[in-house]
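A structural walkthrough
Spelled out, the chains give:
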Amino acid sequence: KILVLDFGSQTTALIGRRIRELGVYSEVIPGDTPLTDEFLASDTCKGVKGLILSGSPESVYTKEGSVPDPKVYSCGLPLLGICYGLQRMTYDNGGKVEALPKREYGGVGVTLDDADPPPHALSFINGFKKKSFTAWMSHGDTLTRLAPGFLQFGTSETGFPAVVIHESKSWFGLQFHPEVTHSEGGLDILAAYTFGVCRCEKNWTMEHYVEEVRRSLAARVEKNPVLLLISGGVDSTVAGALLLKTLDPDHVHLMYMDTGLMRKDETKTVKVALEKLGARHLHIIHCEDEFLAKLKGLEDPEAKRKAIGDLFITIQEREVARLGLPDSYFLAQGTLYTDLIESGKGVGKKAHLIKSHHNVGSPLVDAKRKAGRIIEPLDKLYKDEVRALGRLLVVDEEVVRRHPFPGPGLGVRILGEVTKEKCDILREADAIFISELKKRNLYDEIWQAFAVLLPIRSVGVAGDVRKYGWVLALRAITSADGMTADVYPFPTKDLLEISTLITNEVQDIGRVTYDISSKPPATIEWE
Ligand code: XMP
């Protein structure tokens, strides 16, 4: 097992997930966790063979920068510092860290030095498959003096230390992020640390995960009812499957709200999938009219998000009360790790707030959290881990493959005011886009694809008649986790054919465009 000390970087959980991908259990804990005897004797520390110090948005020399317990440096475990983690190790051990004149961001060339590594570092350095490679960096500080005993082993094209090792201890540091797919050979480096340096065994699988959930739920939930709020997407459906598999299905209540902002046939698909999984208490709430009434006249994206989120909560509370469950019930959510970090509620609560995701934090959730009655069985997992889990639990392939869908649904894909008419137009266009992607075997190559209805109309011709139709934007991106995204390089032929199909079949759409912005600087959704 490897423990990751989280200092607040957006990619911390990705480190944990990469280690698990290698088949070794890994857990993320706050970077400043005091290493008391009690903590060291706890389950979290059982079997730990190495520590990874994560990145951070802070600087080591400011008071905002989290500081690890000094025992990290005396416990004798191998250490790997990544970005801030390396700067932390350097600063805490007598080296110097200073601000760069200009932030380094994106792909940067790194070259390893020619020197022979000390014998204890051989297994680590063997993880570098190339002498020169491109690594993903995001840092505003750099090492300007190594701490005593440290050797520089690789240099960035901008002339700063990029790979650092200790001459005698099993301490290693990388200025770049090996956990990010854009770092060439990053996984090999993490594997070298995990297996070569820490000597972990490969024994972590999804079956283990299900058994752990079963054990921890049995101990926590006992015979109390569990209510899961299902959104229709992969995450909550897999969470539902997991609860149905690990608990008595008679104790599992699933609630799904049809907000009218769902994709075409979504409610039907979800219902069928959950019934197949053995759901016995499935509560489907139809509240389209309430949502449309609330959204009337609203144009500002954050105002729309807030309106949708607030109404979601109001209806949720009303409907949950209507179920008449005993106070002792547990509330389950299909929250993933990424949902938490994007809302500024990551493990160490340090990741900076990007967007107000309405599915994190509501009075019902807060009250249940306070009462210690929240279950989030997927909160350490990333999207593709959830898909793997879904397949193991035989969730419908249609649902498992499904691209992510934001909580506020079509509400953030209809720019400007949302109306029933626009929802119907977008639903039709989106369904054509998605079914064509499936027919053309492109759907699974794309991480997320959808259509966006723009708040503008443009002139066109239909036969001899001038037509004033809506403009639709198609978006298709590739990504590992939604944190960064590249535009899917669409074959022109497919794009043109899909555009023609849409304008032929959806009369109200006069023009189709393709969004060619990556994230950053754009976000995946338009609002
Ligand atoms: P952005 O647009 O922030 O999206 O680049 C990243 C991923 O998150 C999804 N998303 C949401 N998911 N509630 C959700 O559950 C939300 O409010 C929300 N907003 C964005 C988005 O679809 C993409 O997959």
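Residues numbered from 1 in each chain as written. Predicted model: local features only at pLDDT ≥ 70, side-chain atom pairs only at ≥ 80, totals over all residues.

**Concerning the overall build of the protein**
In terms of helices and strands, the protein carries 16 helices and 18 strands. Relative to a compact globule of 527 residues, whose C-alpha radius of gyration would be 24 Å, the protein shows 25 Å and is just as compact. Its C-alpha atoms give the protein principal-axis dimensions of about 75 × 60 × 40 Å. Long-range pairs, those at least 24 residues apart, make up 75% of the contacts in the protein between residues at least 6 apart in sequence. (Helix = DSSP H or I, 4+ residues; strand = E, 2+ residues; numbered from the N terminus. Rg over C-alpha atoms; globule rule 2.2 N^0.38 Å. Contact = placed C-beta atoms within 7 Å.)

**Some details on the pairing of strand E9 (residues 171-174)**
With burial as the criterion, each face of E9 is covered, one bearing Trp171 and Gly173 and the other bearing Phe172 and Leu174. Summarising the sheet, strand E8 (residues 161-166) and E9 pair through three bridges and their orientation is antiparallel. Residue pairing across strands places Val164 opposite Gly173, the latter belonging to E9. With antiparallel pairing between neighbouring strands as the criterion, E8 and E9 make up a hairpin whose turn holds four residues. (Buried ≥ 20, exposed ≤ 12 C-beta atoms within 10 Å, placed from the backbone. Pairing = 2+ DSSP bridges.)

**Some remarks on the domain arrangement of the protein**
Along its sequence, the protein is carved into domain 1 (2-197), domain 2 (206-401) and domain 3 (413-514). Averaged C-alpha coordinates put domain 1 and domain 3 at centres separated by 43 Å. (Domains from an automatic or database assignment.)

**Re helix H1 (residues 12-21)**
Summarising burial for H1: nine of the ten residues are buried, a large majority. Backbone geometry just after H1 places Gly23 at a positive phi near 95°.

**Some remarks on the packing of helix H15 (residues 420-439) against helix H16 (residues 492-505)**
Working note: a packed helix pair is described by the angle between its axes plus the distance between those axes. Where H15 contacts H16, the axes come no closer than 10 Å and their chain directions differ by 150°. As H15 runs across H16, the sense of the crossing is right-handed. Taken together, the residues of H16 that come into contact with H15 (itself represented by Ala429, Ile432, Phe433 and Glu436) are Ile498, Leu501, Ile502 and Glu505. Residue classes in the contact of H15 with H16 are distributed as six nonpolar, no polar and two charged. (Axes fitted to C-alpha atoms, helices over the stretch in contact; angles between N-to-C directions. Left-handed = near helix turned anticlockwise from the far one by under 90°. Nonpolar A, V, L, I, M, F, W, Y, C, P; charged D, E, K, R; others polar.)

**Here's the deal with the nonpolar core**
Membership of the largest hydrophobic core comes to 126 residues, with the highest contact counts inside it found for Val226 and Leu228. Excluding residues that lie within four positions of it along the chain, Val226 makes contacts with Val221, Leu243, Leu247, His251, Val252, His253, Tyr329, Phe330, Ala332 and Ile375. (Core = buried A, V, L, I, M, F, W, Y, C linked by C-beta atoms within 7 Å.)

**Overview of the sheet that holds strand E13 (residues 330-332)**
Pairing within the open sheet is parallel, and its five strands lie in the order E12-E11-E10-E13-E14. A strand with exactly one partner marks an edge of an open sheet, and here the two such strands are strand E12 (281-286) and strand E14 (374-375). Pairing geometry for strand E10 (residues 226-230) and strand E11 (residues 252-258), over five bridges, is parallel. Note on E11: the bridge partner recorded for Val226 is Val252. Across the sheet, helix H10 (residues 301-323) is in contact with E10, E11 and E12; its angle to E11 comes to roughly 140°.

**Observations concerning the UniProt feature "binding site: ATP" (unreviewed entry) in the protein**
In this numbering, the UniProt entry assigns the feature "binding site: ATP" (unreviewed entry) to Ser231, Gly232, Gly233, Val234, Asp235, Ser236 and Thr237. Along the chain, Ser231 turns up in the loop between E10 and helix H7 (234-246). Excluding anything up to four places from it in sequence, Ser231 contacts Ser236, Gly334 and Gly407. Mapped onto the elements, Gly233 comes out in the loop between E10 and H7. (UniProt positions renumbered as here; feature names shortened; annotations may be inferred.)

**Description of the environment of Leu442**
Among the structural elements, Leu442 can be located in the loop between H15 and strand E15 (448-462). In sequence terms Leu442 and Phe490 are 48 residues apart; their C-alpha atoms lie 9.1 Å from each other. Sequence-distant contacts of Leu442, defined by excluding residues within four places in its chain, comprise Leu437 and Asp494.

**Quick word on H10**
Over its 23 residues, H10 extends 33 Å from the first C-alpha to the last, a length consistent with the 33 Å expected when each residue adds 1.5 Å. Along H10, the residues that are buried comprise Lys304, Arg305, Ala307, Ile308, Gly309, Phe312 and Gln316. The inward-facing, buried residues of H10 contact E10, E11, helix H9 (288-295) and helix H12 (363-370). Phi turns positive one or two residues past the end of H10, at Gly324, with a value near 65°. (Expected span 1.5 Å × (residues − 1).)

**Points about the sheet that holds strand E3 (residues 50-53)**
Strands sit in the order E2-E1-E3-E4-E9-E8-E7-E5-E6 across an open sheet of nine strands; the sheet is mixed. Bordering the open sheet on either side are strand E2 (26-30) and strand E6 (132-145), each of which pairs with just one other strand. Strand-to-strand, the axes of this sheet are offset by a mean angle of 25°, without reference to chain direction. Sheet analysis places strand E5 (residues 96-112) next to strand E7 (residues 150-156), joined by three bridges and oriented antiparallel. From the neighbouring strand, Val110 faces E7, where its bridge partner is Ser156. On top of the sheet, H1 reaches strand E1 (2-6), E2, E3 and strand E4 (79-82); it is set at about 160° to E2, its chief contact.

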